[in-house]
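Notes for the structure review
Listed below are the residues making up each chain.
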Amino acid sequence: MHQSGKRLRRRLAAIFALLLLVCALAITYYLKEARRHVGADYTSMVTDVIRAQTSISELHQILESLLKEREKHHLEQLNIALMRIDRRVKTVRHSLNQSDLPDTDYTPQFEEIKRAEDQLSELLQLLNNAEENNADTLDIPHIHRLGMALEQNLAWAYSELNERLHLASATQRQLMQWLSIAVIGLLLLVVLIIASLMLALMRIHQQNSALLHQSQTDTLTGLYNRRRMYRIAEQELARIQRNGGSMGLILIDLDHFKQINDTYGHPTGDAVLKAFSAMLIREIREIDIAVRMGGEEFAIIMPGCDKSSAHALAERIRKAAIALKLPNSLRLTASFGASATQGLGDTFEQLFSRTDKLLYKAKIQGRNSTQVG
């Protein structure tokens, strides 16, 4: 039972350690992935906005060059820049539409981008018409004004978007931190609950073990009781049935023990019982079982022994009892019956009955002796 309790504690400790490891890995993975995804989403959107702002700066330079020099390659550069701006405007709108950000937070910027798209469409139309007809008729000042208006609108919209995206990123990161704390707290709570359940299970097992031990053990001497003796004897006899062998049994009765209680009191009697029990444990083998039957009666089960071995042990115990140092200089003697199983068909009831008769014979023949048979 002690070994069983140890195994249970080891298993529960291993399970709890594994649970802590799994929770630690889960928390680490969650924090890593959450930060990576949140950071990646906003980084991507901010990158799109910055690229779009770069296109606006290029547009300003091309418009100034076109205003100074009416050259064909400036018109081509302007057309390419406008198409690039158009693509990046659509990319920004797509990124924002695909995000979980509320549209109401970006309504002014979206409206400004929509006006810029109208201006962009007008500019592209003017350039296309100039290519189809005569580029010399192109109203460069008008194109310059439209381009500058487009630049201002998009510059303001992109600047505001960039600022709001950084603010939203900071807000969401803060929310993720609080959420992470909540997740960690929840996991710790789960671990605490499981630890409490494991502790309760261990305590229940310990209580059950203690109750089982109490039900099979004599409280005063710590020896096994009669119930445990019968169970062990049946197990040993079953082993003999399978593998052969024999089992010895010794029954012991302390001589005149009632006089000790009557003369010196029960505390002295208890001290005698404890001293005798301790001596039994010292004299028997590790595989032998010492039992307090009740009162001043004891028994010893001896696996693998015949009646001669039982007789030898009984005599050794009888002499050791006489040599015990007891309170009030008492001298203790005991009567013994010693026997062993006779063949594979012998039952414990038969063995016990024979040994009990031998004990009775020792008592009626003057006590302080051993009868074997």
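All of these numbers come straight from a predicted model, not from anything done at the bench.

1. Thoughts on the nonpolar core
One recurring pattern in soluble globular proteins is that nonpolar side chains are buried together. With 37 residues, the main nonpolar core has Leu78, Leu82, Ile143, Leu150, Leu154, Tyr158 and Leu161 as its most contacted residues. For this core, the leading source of residues is helix α4 (residues 140–216), giving 11 residues. The residues contacting isoleucine 143, other than those within four sequence positions of it, are Leu63, Leu66, Leu78, Leu123, Leu126, Leu127 and Leu138. Membership of the second largest hydrophobic core comes to 30 residues, among which are Ile252, Met302, Leu313 and Ala321.

2. Some thoughts on the pattern of salt bridges
As enumerated under the stated definition, the model contains 12 salt bridges in all. Taking the shortest distance from any N to any O, the salt bridge between lysine 114 and aspartate 118 comes out at 3.3 Å. Placement of the pair is lysine 114 and aspartate 118 together in helix α3 (residues 107–132), with a separation of 4 residues, close to one helical turn. Relative accessible area serves as the criterion here: at 42%, aspartate 118 is assigned to the partly exposed category. Residues arginine 318 and glutamate 315 are paired through a salt bridge, measuring 2.9 Å at the closest nitrogen-oxygen approach. Taken together, the positions of arginine 318 and glutamate 315, both in helix α8 (residues 307–322) and 3 residues apart, correspond to about one turn of that helix.

3. A short note on a nonpolar patch on the surface
A grouping of Leu186, Leu189, Val190, Leu192, Ile193 and Leu197 is seen on the molecular surface, where their side chains present a nonpolar patch of about 570 Å² in accessible area. Topologically, leucine 189 is positioned in helix α4.

4. Section: the pairing of strand β2 (residues 289–294)
Regular strands place side chains that alternate from one sheet face to the opposite one. Counting buried residues along β2, 5 of its 6 residues qualify, which places the element largely inside the surrounding structure. Where β2 meets strand β3 (residues 297–303), 5 bridges bridge the pair, whose relative direction is antiparallel. Counterpart to alanine 290 in the pairing with β3 is isoleucine 300. In textbook terms, the turn of a hairpin is the stretch between consecutive antiparallel strands, and for β2 and β3 this stretch comprises 2 residues, one of which, glycine 295, has a positive phi near 60°.

5. Here's the deal with helix α2 (residues 72–98)
Counting along an α-helix, one turn takes 3.6 residues, and residues three or four places apart therefore face a common direction. Across its 27 residues, α2 extends 39 Å between first and last C-alpha, which sits within 8% of the 39 Å expected from 1.5 Å per residue. Inspection of α2 places His74, Leu75, Leu78, Asn79, Ala81, Leu82, Ile85, Val89, Val92, Ser95 and Leu96 among the buried residues, and these make up the whole buried set.

6. Considerations on helix α7 (residues 266–283)
Its 18 residues place the ends of α7 26 Å apart at the C-alpha level, agreeing with the 26 Å of an ideal helix rising 1.5 Å per residue. When we look at burial in α7, the residues that qualify are Thr268, Gly269, Val272, Leu273, Phe276, Ser277, Met279 and Leu280. Contacts from the buried residues of α7 go to β1 (247–254), α6 (257–264), β2, β3 and α8.

7. With respect to the sheet that holds β1
With mixed pairing, the 5 strands of this open sheet are ordered in space as β2-β3-β1-β4-β5. Here the strands that pair on one side only, and so sit at the sheet edges, are β2 and β5 (370–372). Averaged over all adjacent pairs, the angle separating strand axes in this sheet is 20°, with direction ignored. Note: β1 against β3, 7 bridges, orientation antiparallel.

Conventions and cut-offs
- Residues numbered from 1 in each chain as written.
- Predicted model: local features only at pLDDT ≥ 70, side-chain atom pairs only at ≥ 80, totals over all residues.
- Heavy atoms only, no water.
- Core = buried A, V, L, I, M, F, W, Y, C linked by side-chain atoms within 4.5 Å.
- Buried < 20%, exposed > 50% of the residue type's maximum accessible area, 1.4 Å probe, protein only.
- Helix = DSSP H or I, 4+ residues; strand = E, 2+ residues; numbered from the N terminus.
- Contact = heavy atoms within 4.5 Å.
- Salt bridge = Lys/Arg side-chain N within 4 Å of Asp/Glu carboxyl O.
- Patch = residues over 30% accessible without salt bridge, like charges linked within 9 Å, V, L, I, M, F, W, Y side chains within 5 Å.
- Areas by Shrake-Rupley, 256 points an atom, 1.4 Å probe, with all protein chains shown as cover.
- Pairing = 2+ DSSP bridges.
- Expected span 1.5 Å × (residues − 1).
- Axes fitted to C-alpha atoms, helices over the stretch in contact; angles between N-to-C directions.

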